[in-house]
Amino acid sequence: MSANRKIFLGLAAALACAAPAFAQPGSDLAGSPAQRMTLPEATAPGSTEVLTLTVNKSYMIEFDTDIDDVIIANDKIANVVARDRRRVAVMGVTPGESNIVFLDRSGRKIKTLEISVTDGVAGMDQLRGLIKRHVPGAKVQLESVNGRIILAGSAPNLAGADRVVQLAKTYAKDENSVVNLMSIDGKDQVTLKVRVVEMQRSVIKQMGINLSGSIGFGQLTGNAFDTTLAIGSSNAFPIAGTALGGLAANLGYKNTVGAATQSTVGAKINALERVGIVRTLAEPNLAAISGEAGKFLVGGEFPVPVAQDRGKISIEFKPYGVGLGYTPVVLSEGRISLQMSVEVSELSTQGGFQSSSDVTVDPTTGQAISAQSLTIPALKVRRAETTVEIPSGGSLVIAGMIQESTKQNLDSLPGVKDIPVLGALFRSRDFQNDETELVVIVTPYLVDPTDPQGFRDPDRGYVTASDARTILFGKLNDVYAAPGSAASKTPAPKGASGFIID
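Here the structure is a predicted model, which is why all the values come from computation and not from measurement. (Residues numbered from 1 in each chain as written. Predicted model: local features only at pLDDT ≥ 70, side-chain atom pairs only at ≥ 80, totals over all residues. Heavy atoms only, no water.)

Caption draft 1: A look at the overall build of the protein chain. When its secondary structure is counted, the protein chain shows five helices and 25 strands. A buried classification covers 31% of the 502 residues belonging to the protein chain. In the protein chain, the proportion of contacts linking residues at least 24 apart, taken out of those at least 6 apart, comes to 66%. Surface exposure of the protein chain reaches about 30,400 Å², of which carbon and sulfur atoms provide 54%. (Helix = DSSP H or I, 4+ residues; strand = E, 2+ residues; numbered from the N terminus. Buried < 20%, exposed > 50% of the residue type's maximum accessible area, 1.4 Å probe, protein only. Contact = heavy atoms within 4.5 Å. Areas by Shrake-Rupley, 256 points an atom, 1.4 Å probe, with all protein chains shown as cover.)

See the structure below:
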């Protein structure tokens, strides 16, 4: 301890007589105020501070009282140079750990420094200048530990934070040597107002004529001829199946000889036109933290058998309906990057799987084992996925997802169908046209917490109607929020709230 004290007092005496620059090459003593560390004795006497240095870098420490003695645990790792009795510079010499104790004239401990010296990364001061110039609003603290660059503090937005990381990578030995601990200023909670609308229109037309006839000849025995010839046409409807309804007309002629039918002629006419429309609507309001993914599904799940080991079968459920996946990222105040995928699916027998029933005999018992048929439906899917950048409150519209399918079949008798006019009596026409259009509208908002009293529940003020009102007036419930009730005093939310109140 005496040797260290002599070093300190000798340096202080020499510096008192002359004022040479004591900073060694690479010193930070003439740097910005942010590079200085002040440890006031009056606020924390005898406290312990942790200081991280890099090799060939120094940090200025200012005290509010005179320093009379300095104890250095290992001056080969960190050393001290005194400007005067209240200002000293701590310098990193070689990598390692040490501590320094500062004492006053009475021997009272003023401050203890736990020193950690690392190899550091060259150009840290230059990196600070680049960050200040290219990301003006960033409040970034740089630290070098074991050759790695640690970024702490905050950036004004995600783009600014990415620029800071990219600048730090140019000074790091590799991409894995940059540790990003920065936070993003501003709001990072996003609410998505989504509207999914799908319209499906289908048209089916059927027109068919089937002819039939028979003639009896030969010997008349009893009430029938011993020889009969019968003919007929069968023009089916392969697209829509059998005739679905509409007009069905039967025309016929019968010739009898006594009580026996000698000849018949008949015609069956089927005519149908069906128009159908399906509207699918979903309006979810979804919230997510910036950078976190979310999912939404309105529909259901259907079972699908999955073969396992040793012939065992398990069941998996596959979802269908209106599904939405989203990942919002707040780029800056009012700018949002949105990755979104939307899907509308429905069950369909077209393209599905159906196994036939099978009967086997158990060889041990001789009993018949019947395997039931299995039907697994298919899915008709409309799907879109995109990534866009839009402002808060702006809307994204995914449209133009139009699909049209037209099918037409003619069933007829070969050769006869081409006869002008009469050919129409020997054919059937089956026509089907399907049209689908899907529109998705998404509006993201940056949101703040709000008072829960500003919202109104959909069941607030609900009262089940009395038996008299139900029987006499057909009412299922009384009026929502009757005048004078607490619910009537709650202001209604602006815009569509999503409640069914009629």
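Moving on, there is more to tell.
Caption draft 2: Region of interest: the packing of aromatic side chains. Per the stated rule, a full pass over the model turns up two aromatic pairs. Ring geometry for phenylalanine 63 against phenylalanine 102: centres 5.1 Å apart, planes inclined by 50 degrees, an arrangement best described as tilted. One end of the pair, phenylalanine 63, is in the loop between β3 (58–62) and β4 (69–72); the other, phenylalanine 102, is in strand β7 (residues 96–103), with 39 residues separating them in the sequence. A relative accessible area of 0% means that phenylalanine 102 is categorised as buried. With a centroid separation of 6.2 Å and 50 degrees between ring planes, the pair formed by phenylalanine 302 and tyrosine 320 is classed as tilted. Residue phenylalanine 302 is located in strand β18 (residues 294–307), and its partner tyrosine 320 is located in strand β19 (residues 313–332); the two are separated by 18 residues in the primary sequence. For phenylalanine 302, a relative accessible area of 8% gives the class buried. (Phe/Tyr/Trp six-rings, centres within 6.5 Å; stacked < 30°, edge-to-face > 60°.)

Caption draft 3: Geometry of a nonpolar patch on the surface. Where nonpolar side chains cluster on the molecular surface, the patch consists of Ile215, Phe217, Leu229 and Ile231 and spans about 400 Å² of accessible area. Only β13 (189–221) and β14 (224–232) provide two or more residues apiece to the nonpolar patch. Tracing the sequence through the fold places isoleucine 215 in strand β13. Exposure remark for isoleucine 215: the relative accessible area of 41% places this residue in the partly exposed category. (Patch = residues over 30% accessible without salt bridge, like charges linked within 9 Å, V, L, I, M, F, W, Y side chains within 5 Å. Salt bridge = Lys/Arg side-chain N within 4 Å of Asp/Glu carboxyl O.)

Caption draft 4: Main features of unusual backbone geometry. Not every positive phi belongs to a glycine, and asparagine 56 is a case in point at roughly 65 degrees. Along the chain, asparagine 56 turns up in the loop between β2 (47–54) and β3.

Caption draft 5: Representation of the sheet that holds strand β20 (residues 335–355) within the structure. Read across the sheet, four strands follow the order β18-β19-β20-β23 without closing on themselves; strand pairing throughout is antiparallel. Both edges of this open sheet fall to β18 and β23 (374–391), since each of them pairs with a single strand only. If you compare each strand with its neighbour and ignore which way they point, the axes differ by 20 degrees on average. Inspection of the sheet shows β20 paired to β23 by 17 bridges, in the antiparallel sense. For phenylalanine 353, the partnering residue across the bridge sits in β23 and is isoleucine 376. (Pairing = 2+ DSSP bridges. Axes fitted to C-alpha atoms, helices over the stretch in contact; angles between N-to-C directions.)

Caption draft 6: Region of interest: the pattern of salt bridges. One pass over the full model with this rule turns up 10 salt bridges. Here arginine 335 and glutamate 389 are joined by a salt bridge, their closest N and O atoms 3.4 Å apart. Here the residue arginine 335 occupies a position in strand β20, and glutamate 389 occupies one in strand β23, the gap between them amounting to 54 residues. Judged by relative accessible area, arginine 335 falls into the partly exposed class, the value being 31%.

Caption draft 7: Summary view of the nonpolar core. Val196, Leu324 and Val440 are the most contacted members of the largest nonpolar core, which has 26 residues in total. Going through the elements one at a time, β13, β17 (285–289), β19, β20, β23, β24 (396–412) and β25 (427–446) are the ones with two or more residues in this core. For leucine 324, the contacting residues outside a window of four places in its chain are Val194, Leu286, Gly294, Lys295, Phe296, Met340, Ser341 and Val342. (Core = buried A, V, L, I, M, F, W, Y, C linked by side-chain atoms within 4.5 Å.)

Caption draft 8: Quick look at the sheet that holds strand β8 (residues 109–118). The strand order across the open sheet built from four strands is β2-β8-β7-β4, with neighbouring strands paired in mixed fashion. Of all the strands in the sheet, the pair left with one neighbour each is β2 and β4. For this sheet the average axis-to-axis angle between neighbouring strands, irrespective of direction, equals 20 degrees. Inspection of the sheet shows β4 paired to β7 by four bridges, in the antiparallel sense. By the bridge assignment for β7, isoleucine 71 is matched with valine 101.

Caption draft 9: Summary view of the confidence of the model for the protein chain. Counting all residues, the mean pLDDT for the protein chain is 78, and 80% of those residues have values of 70 or more. Taken together, the stretch residues 1–43 has pLDDT below 50 and engages in 68 contacts with residues farther than four places along the chain or on a different chain. (pLDDT = per-residue confidence, 0-100.)

Caption draft 10: How the structure looks around the environment of alanine 384. Tracing the backbone shows alanine 384 in strand β23. The exposure class of alanine 384 is buried, given its relative accessible area of 14%. When the C-alpha atoms of alanine 384 and methionine 340 are compared, they prove to be 8.3 Å apart, with 44 residues separating the residues in sequence. When sequence neighbours within four positions are dropped, the list of residues in contact with alanine 384 reads Met340, Ser341, Val342, Ile398 and Met401.

Caption draft 11: Looking closely at the packing of helix α2 (residues 124–134) against helix α3 (residues 158–169). One way to put it is that α2 packs onto α3 with a least axis distance of 10 Å and a crossing angle of 155 degrees. One way to sum up the angle between α2 and α3 is to call them roughly antiparallel. In this structure, α2 meets α3 at a crossing whose hand is right-handed. Of the residues in α3, those in contact with Leu127, Leu130, Ile131 and His134 of α2 are Arg163, Val164, Leu167 and Ala168. Partitioning the contact of α2 with α3 into residue classes produces six nonpolar, one polar and one charged. (Parallel < 35°, antiparallel > 145°, perpendicular 65-115°, else oblique. Left-handed = near helix turned anticlockwise from the far one by under 90°. Nonpolar A, V, L, I, M, F, W, Y, C, P; charged D, E, K, R; others polar.)

Caption draft 12: Structural detail: the pairing of β20. Pairing of β19 with β20, which is carried by 10 bridges, proceeds in the antiparallel orientation. Bridge assignment links valine 330 to a residue of β20, and that residue is isoleucine 336.

Caption draft 13: Highlighting the environment of serine 332. Mapped onto the fold, serine 332 is located in strand β19. Remark: the alpha-carbon pair of serine 332 and aspartate 185, spanning 147 residues in sequence, is separated by 8.7 Å. Among all residues touching serine 332, those that are not within four sequence positions of it are Asn157 and Leu446.

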